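# A structural walkthrough
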Amino acid sequence: MKGIYTENINEADEINKLSSILEVMKPDLAGQICFKRFHDNGEGVDRAYNVYKVISDEKAYILKKSDDYEIEVYEKFLTDKNLPVPKLEGWASFDNTKWILIEYIPGDDLRIFDKHMAYGCAESLSRIFNMYWQEDCFEENKLDNRFERYWKRINKRAECLKNESKLASAYGVFMDRQLVCPRTLCNGDFLQCNAIKSNHSIVLIDWAFAGIMPYSLDAARLIAHGSEKFFPFPFYMTDEYRKIFVKTLYDKLEHKPDYKQFIWDIILSCLNECIEFIERELNDESIERDEFFNYYYKNANTLADIILKGKEQLKIS
């Protein structure tokens, strides 16, 4: 079966390294410890991650290669907040590399998306959004500088559209809105593979790209890469489930723009998602343009038509 799987770590040197890292963060772990490395073959190529399942006699954890930024996100935004995220158990530096130990959440990811996941994602995301919502994007006491890095990145991304006048015009509408769109804490990579359906809720994992950013980014990332035709990649999703997720998320937000603006913001951010996934090919014509490029390119142009038409007819900024 394609998707996330784990393999046992059997090499003594690697086991000793991981054990040394773990001893700093969780010296009280008892019994024999087993390490399993996470892999993902969902896109046709096997990827091995610097992420490990740690199994002791008492409990399971996730040990992950990290950095200062992800640690800061956990400590500043996620720890002791009663949010649908894994608990941070500790962190350590080993050979000039940062590692974090987090709670292991049993369950499956959301690649086979269904109605219950749509409701669950809306519930979990709204809890996070409601806690950190910011209407004033220019307030003095900003919580982090994530937006500045994001703004630099999308300006760079826009350069790939120099020969795509329609896409460039629509992308300009997206970029203009980013400067004034309400912001909140976003996961930054809210794909179906970065969430777990646990017994009680949808738990968002992998906070390496998180920060205070325009609220529509996470919602768009979840729904922009779902398809019935191309499963297992991008991911499986139907229009019915998209609608359930979007409407439920809106209903559960305590602070929000009017519904027309909300939908408009998500449409704009869906365009950004499509452009991200064809950026490399647009920058380098020597790269073969396969069926997935065609999928995102077609969707990007459909969204561009909606945006350019909507800007004139609906007079939405």
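Look up a bit, the structure's there.
Let us look at the structure shown here.

This paragraph deals with the overall build of the protein chain. The helix and strand inventory of the protein chain stands at nine helices and ten strands. In terms of C-alpha radius of gyration, the protein chain reaches 20 Å, essentially the compact-globule figure of 20 Å for 317 residues. Principal-axis analysis of the C-alpha atoms places the extent of the protein chain at approximately 65 × 45 × 40 Å. A buried classification covers 52% of the 317 residues belonging to the protein chain. Partitioning the intrachain contacts of the protein chain with sequence separation of at least 6 by distance along the chain shows that 71% fall at a separation of at least 24. Each charge sign in the protein chain was given a centre, from 43 positive and 54 negative side chains, and these centres are 4 Å apart.

Here is a general trend for soluble globular proteins: nonpolar side chains tend to be buried in one another's company. Ranked by internal contacts, the top residues of the largest apolar core, which has 81 residues, are L78, F113, W207, F245, L249, L271 and I275. Take this core: its biggest share by element is eleven residues, from helix α8 (residues 259–283). Filtering out sequence-adjacent residues up to four positions away, I275 remains in contact with R157, C160, L161, L167, Y171 and A300. The next biggest cluster of nonpolar side chains, apart from the first, holds 14 residues, and it includes L22, M25, Y52 and Y61.

Note on pairing: side chains with opposite charge can pair once their charged atoms come close. Applying the stated criterion across every chain, the model contains 19 salt bridges. Between E273 and R221 there is a salt bridge, with its nearest N and O atoms 2.6 Å apart. Here E273 is found in helix α8, whereas its partner R221 is found in helix α6 (residues 216–224), with 52 residues between them in sequence. Each member of the pair, E273 as well as R221, is classed as buried.

Tracing the chain through its elements places Q192 in the loop between β7 (183–186) and β8 (195–197). Here L222 takes part through its backbone oxygen, which lies 3.2 Å from a polar atom of the side chain of Q192. Look past the residues within four positions of Q192 in its chain and what remains in contact with it is D109, L110, R111, F113, L222, F235 and M237.

Right, let's talk about the packing of aromatic side chains for a bit. By convention here, two paired aromatic rings are described through the distance between centres and the angle between planes. Evaluated as defined, the whole model comprises 14 aromatic pairs. When the centroid spacing of 5.0 Å and the interplanar angle of 40° are considered together, the rings of Y171 and F174 count as tilted. Placement of both Y171 and F174 in helix α5 (residues 165–178) is noted, with a separation of three residues, approximately one turn of the helix. Using a relative accessible area of 0% as the deciding quantity, one classes F174 as buried. For the pair Y250 and Y259, a centre-to-centre distance of 4.8 Å together with 70° between the ring planes defines the contact as edge-to-face. Judged by relative accessible area, Y259 falls into the partly exposed class, the value being 34%. What links up through ring pairs into an aromatic cluster is the set W133, Y215, Y250, Y259 and F262.

For the rest of this paragraph, the subject is unusual backbone geometry. A positive phi angle, close to 60°, is found at D80, a residue other than glycine. Structurally, D80 is set in the loop between α2 (68–78) and β5 (88–94). Residue class for D80 comes out exposed when judged on its relative accessible area of 77%.

This part is about α5. An ideal rise of 1.5 Å per residue puts 20 Å on 14 residues; α5 measures up with 20 Å between its terminal C-alpha atoms. Among the residues of α5, L167, A170, Y171, V173, F174, M175, R177 and Q178 are the ones counted as buried.

With that out of the way, let us pick up the sheet that holds strand β1 (residues 4–8). Across the sheet, which stays open at both edges, the six strands sit in the order β1-β2-β3-β4-β6-β5 with antiparallel pairing between neighbours. Both edges of this open sheet fall to β1 and β5, since each of them pairs with a single strand only. Neighbour-to-neighbour, the strand axes of the sheet open up by a mean angle of 30°, direction not taken into account. Both β1 and strand β2 (residues 34–40) contribute to a ladder of five bridges, which runs antiparallel.

Contact pair α6 / helix α7 (residues 239–252): the axes reach a minimum separation of 10 Å and the direction vectors enclose 165°. Judged on the interaxial angle alone, α7 and α6 are roughly antiparallel. As for how α6 packs across α7, the hand of that crossing is right-handed. Taken together, the residues of α7 that come into contact with α6 (itself represented by A219, L222 and I223) are R242, F245, V246 and L249. In terms of residue class, the contact of α6 with α7 is made up of six nonpolar, no polar and one charged.

The next subject is the packing of α6 against α8. At a minimum axis separation of 8 Å, α6 and α8 run at an interaxial angle of 60°. By the angle class used here, α6 and α8 are oblique. The two elements α6 and α8 cross, and the hand of that crossing is right-handed. Of the residues in α8, those touching α6 at S216, L217, A219, A220, R221, I223 and A224 are D265, I266, S269, C270, E273, E276 and F277. Its residues assigned to classes, the contact of α6 with α8 comprises eight nonpolar, two polar and four charged.

The rules behind the values
Residues numbered from 1 in each chain as written. Predicted model: local features only at pLDDT ≥ 70, side-chain atom pairs only at ≥ 80, totals over all residues. Heavy atoms only, no water. Helix = DSSP H or I, 4+ residues; strand = E, 2+ residues; numbered from the N terminus. Rg over C-alpha atoms; globule rule 2.2 N^0.38 Å. Buried < 20%, exposed > 50% of the residue type's maximum accessible area, 1.4 Å probe, protein only. Contact = heavy atoms within 4.5 Å. Lys, Arg positive; Asp, Glu negative; His and termini not counted. Charge placed at Lys NZ, Arg CZ, Asp CG, Glu CD. Core = buried A, V, L, I, M, F, W, Y, C linked by side-chain atoms within 4.5 Å. Salt bridge = Lys/Arg side-chain N within 4 Å of Asp/Glu carboxyl O. Polar contact = N/O pair within 3.5 Å; in protein donor to acceptor, adjacent residues only side chain to side chain. Phe/Tyr/Trp six-rings, centres within 6.5 Å; stacked < 30°, edge-to-face > 60°. Expected span 1.5 Å × (residues − 1). Pairing = 2+ DSSP bridges. Axes fitted to C-alpha atoms, helices over the stretch in contact; angles between N-to-C directions. Parallel < 35°, antiparallel > 145°, perpendicular 65-115°, else oblique. Left-handed = near helix turned anticlockwise from the far one by under 90°. Nonpolar A, V, L, I, M, F, W, Y, C, P; charged D, E, K, R; others polar.

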